[in-house]
Amino acid sequence: MRIAFFSDIHGNLEALEAVLKDIESQNIERIYCLGDLVGYGPQPQEVVQRIRDLKIPTIMGNYDDAIGYEKKSCGCAYNPGRETEVGDESLNWTITNTSATVKEFLRSLPHTLEFEEEGVKFLLVHGSPVDHLLEYIRPETSSERLQKVLESVKADVVVNGHTHLPMVRWAMGKLVFNDGSVGRPKDGNPKACYLIIDVVQQSISYEFRRVEYDVKSTVEKITEVGLPAELALVLVLGKGYEMGQSKSKNTIDFKI
């Protein structure tokens with residue numbers, strides 16, 4: 001079974017379309033989205049509609065929750081000052097520029113998805129198994145904390161999003177993946193990112209795919225709709241925490 005996972009599109013339709021096109025070339029059998037369809041980017045309506053049209057199983061991210069319920073905060077870990085201001089502007093703009101139908105869809109998204117393939121159990125969450133929407137599981141998250149959030153998890157593989165940092169870690173006899181970000185990478189690489197996992201007789205192989213897209217077009221749209229210029233700069237630079245992973249492809253003998 002060859003499965004694609006992506007998340008954190010954040011209203012970036014160009015990046016989403018590029019990833020979907022790449023997925024078509026990879027003989028993918030199933031696709032899952034791990035949330036944050038909206039926020040930051042200039043085309044939240046179009047992104048949500050594309051996901052709905054394709055009937056891709058999707059879980060709720062913290063921005064989906066904040067927009068769907070028209071909250072005053074997305075719960076993001078912003079630094080005080082301009083970063084917080086930009087986040088608030090993005091949140092308010094997205095609330096204003098999404099329809100009641102889109103908000104209803106975002107509210108309907110589940111917090112988790114679980115399934116089994118080839119004897120391997122998967123759990124999908126946006127944040128962590130403990131705090132589905134808001135907790136950041138990063139490459140540098142302590143082993144102690146990782147063990148704590150996994151202690152009640154029955155799945156063999158956990159896939160999350162939220163940090164925008166591609167990651168794979170091993171703890172408590174489980175694999176923990178972060179699928180990166182389609183529309184707002186933060187690992188220093190501006191290319192859209194998603195994750196492919198192959199499961200064959202309880203053996204797992206994985207690959208983080210990096211996909212070029214028309215960043216210039218997205219940047220122009222950010223300017224046209226009046227969103228803060230800092231949002232465009234993040235896309236151009238792919239600026240954020242370092243990934244902490246040297247390999248993009250690997251195979252793990254994972255026998256249950």
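Because the structure is predicted, anything quoted here is derived from the model rather than measured.

Here we look at the overall build of the chain
So, point 1. Secondary structure summary: the chain contains 8 helices and 10 strands in total.
So, point 2. Computed over the C-alpha atoms, the radius of gyration of the chain is 17 Å, within 12% of the 18 Å expected from 2.2 N^0.38 for a compact globule of 256 residues.
So, point 3. Considered along the principal axes of its C-alpha atoms, the chain spans approximately 50 × 40 × 35 Å.
So, point 4. The 256 residues of the chain split such that 57% are buried.
So, point 5. Considering only residue pairs separated by 6 or more positions, the chain has 71% of its internal contacts joining residues 24 or more positions apart.
So, point 6. Accessible area for the chain stands at about 11200 Å²; split by element, carbon and sulfur atoms hold 48% of it.
So, point 7. Mean positive and mean negative side-chain charge positions of the chain (29 and 38 charges, respectively) differ by 2 Å.

Thoughts on helix 8 (residues 229-237)
So, point 1. Along helix 8, the residues classified as buried are Leu 231, Ala 232, Val 234 and Leu 235. What you see down the axis of helix 8 is that its buried residues fit within an arc of 155 degrees, all on one side.
So, point 2. Buried-residue contacts for helix 8 involve helix 4 (82-96) and helix 7 (215-225).

Here we look at the sheet that holds strand 3 (residues 112-117)
Working definition: the strands of a sheet are paired by backbone hydrogen bonds and lie parallel or antiparallel to each other.
So, point 1. Taking strand neighbours across the sheet as the criterion, the 5 strands line up as 3-4-5-7-6 in an open arrangement whose pairing is mixed. The open sheet has two free edges, formed respectively by strand 3 and strand 6 (167-171), since each of these has just one partner strand. In this sheet, adjacent strand axes meet at a mean angle of 20 degrees when their direction is disregarded.
So, point 2. Pairing between strand 6 and strand 7 (residues 174-178): 5 bridges, direction antiparallel. By the bridge assignment, Ala 171 is partnered in strand 7 with Lys 174.
So, point 3. Strands strand 5 (157-160), strand 6 and strand 7 of the sheet are contacted by helix 6 (residues 143-150), whose axis makes an angle of about 75 degrees with strand 6.

Overview of the environment of Asp 179
So, point 1. With respect to the secondary-structure elements, Asp 179 resides in the loop between strand 7 and strand 8 (192-200).
So, point 2. For Asp 179, a relative accessible area of 0% corresponds to the buried category.
So, point 3. Taking the C-alpha atoms as reference points, Asp 179 and Glu 207, 28 residues apart in sequence, are found 9.6 Å from one another.
So, point 4. In contact with Asp 179, other than residues within four places in its own chain, are Phe 5, Phe 6, Ser 7, Leu 34, Asn 160, Gly 161, Cys 193, Tyr 194, Leu 195 and Phe 208.
So, point 5. Of the polar contacts made by the side chain of Asp 179, one reaches the backbone nitrogen of Phe 6; its length is 3.4 Å.

Here we look at the state of the cysteines
So, point 1. Per the stated rule, a full pass over the model turns up 1 disulfide.
So, point 2. In this model Cys 74 forms its disulfide with Cys 76; the gap between the sulfur atoms is 2.2 Å.
So, point 3. No disulfide involves Cys 33; its sulfur sits 13 Å from the nearest other cysteine sulfur, which is in Cys 193.
So, point 4. Accessibility expressed as a relative area gives 0% for Cys 33, which makes it buried.

Rules of the game
Within each chain, residue numbers correspond to sequence positions counted from 1 in written order. Local features in a predicted model are, by the rule used here, given only for residues with pLDDT of at least 70; side-chain atom pairs are given and counted only at 80 or more, and totals for whole chains, interfaces and linings are based on all residues. Values shown for side chains rest on all heavy atoms present in the structure; no hydrogens or waters enter the calculation. Each helix corresponds to a stretch of at least 4 residues labelled H or I by DSSP, and each strand to a stretch of at least 2 residues labelled E; elements are numbered beginning at the N terminus. Atoms counted for the radius of gyration: C-alpha only. Globule rule: 2.2 Å times residue count to the power 0.38. A simple rule labels every residue: compare its accessible area, found with a 1.4 Å probe on the protein chains alone, to the largest value its type can have, and call it buried under 20%, exposed over 50%, or partly exposed in between. Only heavy atoms enter the contact rule, under which two residues are in contact if any of them lie within 4.5 Å. Using the Shrake-Rupley algorithm and a 1.4 Å probe, accessible areas are obtained, with residue cover drawn only from the displayed protein chains. Within this scheme the basic residues Lys and Arg register as positive and the acidic residues Asp and Glu register as negative, but His and the chain ends are omitted. Charge placement uses NZ in Lys and CZ in Arg. For Asp and Glu, CG and CD serve respectively. This arc is built from the directions going out from the helix axis to the C-beta atoms. When DSSP finds two or more bridges between two strands, those strands count as paired. Fitting a line to C-alpha atoms yields each axis, with helices limited to the stretch in contact; the angle taken between N-to-C directions then spans 0 to 180 degrees. Each polar contact in these results corresponds to two N or O atoms within 3.5 Å; when the atoms are within protein, one needs to be able to donate a hydrogen and the other to accept it, and residues that are neighboring in sequence are counted only if both atoms are side-chain atoms. In what follows, a disulfide is any cysteine sulfur pair within 2.5 Å.

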